[in-house]
Amino acid sequence: MDELNVVLSEVGVSKVKLSKYLGISRQMLYNYLSSNDWNKWPKDKCDKLLDLLNIKSIDEIKDIEITKEYIDEVEERLNSVLRKTNPKEVMSDLKGFNKKEQEVLTNIISLLKDNLAKDKTNTTYKTYTYLYHYLQSMESMPTLEYILAYISKSLCFTDPLEFAYNKDKQYIFESILYSAMNLYNTGGASKSKLTVLHKRFEEFINQKKEEKLSRTEELNTNKIQALKELGYTEINEENAAEVLDKMAEIESRAV
């Protein structure tokens with residue numbers, strides 16, 4: 001099961017999307033992934049996960065080669081299923097939330113639905129696609145939460161001295177963001193002045209993409225080397241912890 005978690009992490013499949021794909025709650029997914037017994041998974045969930053990873057049995061997971069093409073294929077298979085999700089199924093999931101949580105989720109869904117219905121230019125669709133990416137990344141990037149708080153405060157929905165997250169970090173971030181927004185709104189910045197800066201931004205993003213792919217390839221190489229040094233031909237439930245420790249050791253040698 002450790003090997004499965006490694007592959008899911010390398011491919012970039014979030015727990016949120018995977019739980020929706022499998023049709024189970026996130027808590028249930030965490031329970032499945034923390035179990036050391038693959039046979040405890042319901043057969044239909046096993047089959048869906050194998051289809052997603054394009055393998056016929058869980059034993060084949062050791063043979064998966066994580067490449068950019070493979071990552072794109074998994075993402076496309078995942079998204080193709082999620083696009084067909086029945087809205088009624090999404091709404092029925094609200095029964096597990098308390099009254100306040102149901103209210104905020106219902107308001108969000110209603111607002112998104114109304115705006116998409118009114119949009120005839122595809123702009124709203126693209127905006128909400130970006131929003132979806134934003135929400136997916138919030139768990140790993142706390143500053144995204146700070147941005148939401150700043151917007152709520154700047155629109156007078158929230159008191160400026162309310163800090164729902166790390167107070168000191170949020171305070172600093174909001175101050176910096178206010179300075180940047182003030183510069184933008186007062187016309188103190190122009191496209192011509194910022195061309196070089198935007199070019200750096202583009203290069204930074206491209207570098208991050210390359211690093212992500214390189215890291216994936218590195219992990220795959222370390223896995224192969226770990227198996228070779230330990231005398232194994234595959235990762236299974238019995239040797240997973242040992243192989244992962246060996247991978248960590250191999251990685252430390254390059255430091």
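The structure this text deals with has already been given above.
In this text, all values refer to a predicted model and were calculated from it rather than measured experimentally.

Enquirer: Would you take a moment to explain helix H8 (residues 123-137) for this structure?
Expert: The periodicity of an α-helix, 3.6 residues per turn, causes residues three or four positions apart to be oriented the same way. With 15 residues, H8 should cover 21 Å at 1.5 Å per step; its first-to-last C-alpha distance of 22 Å lies within 8% of that length. Within the sequence span of H8, burial applies to Thr 124, Tyr 128, Thr 129 and Tyr 134. As for H8, its buried residues are in contact with helix H7 (99-118) and helix H9 (142-154).

Enquirer: What exactly am I supposed to notice about the environment of Leu 112 here?
Expert: As for its placement among the helices and strands, Leu 112 is situated in helix H7. On a C-alpha basis, the gap between Leu 112 and Asn 222 in space is 44 Å, while along the polypeptide they are 110 residues apart. Sequence-distant contacts of Leu 112, that is, excluding residues within four places in its chain, are made with Tyr 128 and Leu 131.

Enquirer: Quick question: what am I supposed to make of the pattern of salt bridges here?
Expert: Side chains that carry opposite charge are capable of pairing whenever their charged atoms lie near each other. All chains considered together, the criterion is met by eight salt bridges. One salt bridge in this structure joins Lys 62 and Asp 63, with 3.8 Å as the shortest N-O distance. Using a relative accessible area of 18% as the deciding quantity, one classes Lys 62 as buried. The salt bridge partner of Lys 153 is Glu 174, with a shortest N-O separation of 2.8 Å. With a gap of 21 residues between them, Lys 153 in helix H9 and Glu 174 in helix H10 (residues 167-185) connect regions that are remote in the sequence. Overall, the relative accessible area of 10% leaves Glu 174 in the buried class. One continuous salt-bridge network, built from bridges that share partners, spans Lys 62, Asp 63 and Glu 234.

Enquirer: Please explain the packing of helix H2 (residues 15-22) against helix H4 (residues 43-53) as it appears in this structure.
Expert: Between two packed helices, both the angle of their axes relative to each other and the distance between the axes serve to describe the pair. Orientation of H2 relative to H4, taken along the N-to-C sense of each, is 125°, at an axis distance of 10 Å. Looking at the two axes, H2 sits oblique to H4. The crossing of H2 and H4 is right-handed. Within the contact between the two elements, H2 uses Leu 18, Tyr 21 and Leu 22 and H4 uses Lys 45, Lys 48, Leu 49, Asp 51 and Leu 52. Of the residues belonging to the contact of H2 with H4, the class tally is five nonpolar, no polar and three charged.

Enquirer: I tried to follow unusual backbone geometry on my own but got confused; where do I start?
Expert: The backbone phi angle of Asn 54 is positive, close to 60°, even though this residue is not glycine. When you line up the elements, Asn 54 lands in the loop between H4 and helix H5 (68-82). The class for Asn 54 is exposed, based on a relative accessible area of 54%. A positive phi angle is found at Cys 156, which is not glycine, with a value near 65°. For Cys 156, the position within the fold is in the loop between H9 and H10.

Enquirer: I would appreciate a short explanation of the packing of aromatic side chains in the present structure.
Expert: Two measures describe an aromatic ring pair: the distance that separates the ring centres and the angle between the ring planes. All told, the structure shown has four aromatic pairs when counted by the stated rule. An aromatic cluster is built from Tyr 146, Tyr 165 and Phe 173, whose rings are joined through pairwise contacts. A cation over a ring is seen here: Lys 48 above Tyr 21, with NZ or CZ 4.8 Å from the ring centre. The ring of Phe 163 is capped by Lys 153, whose NZ or CZ atom sits 4.1 Å from the centre of that ring.

Basis of the calculations
- Residues numbered from 1 in each chain as written.
- Predicted model: local features only at pLDDT ≥ 70, side-chain atom pairs only at ≥ 80, totals over all residues.
- Heavy atoms only, no water.
- Helix = DSSP H or I, 4+ residues; strand = E, 2+ residues; numbered from the N terminus.
- Expected span 1.5 Å × (residues − 1).
- Buried < 20%, exposed > 50% of the residue type's maximum accessible area, 1.4 Å probe, protein only.
- Contact = heavy atoms within 4.5 Å.
- Salt bridge = Lys/Arg side-chain N within 4 Å of Asp/Glu carboxyl O.
- Axes fitted to C-alpha atoms, helices over the stretch in contact; angles between N-to-C directions.
- Parallel < 35°, antiparallel > 145°, perpendicular 65-115°, else oblique.
- Left-handed = near helix turned anticlockwise from the far one by under 90°.
- Nonpolar A, V, L, I, M, F, W, Y, C, P; charged D, E, K, R; others polar.
- Phe/Tyr/Trp six-rings, centres within 6.5 Å; stacked < 30°, edge-to-face > 60°.
- Lys NZ or Arg CZ within 6 Å of the ring centre and 35° of its normal.

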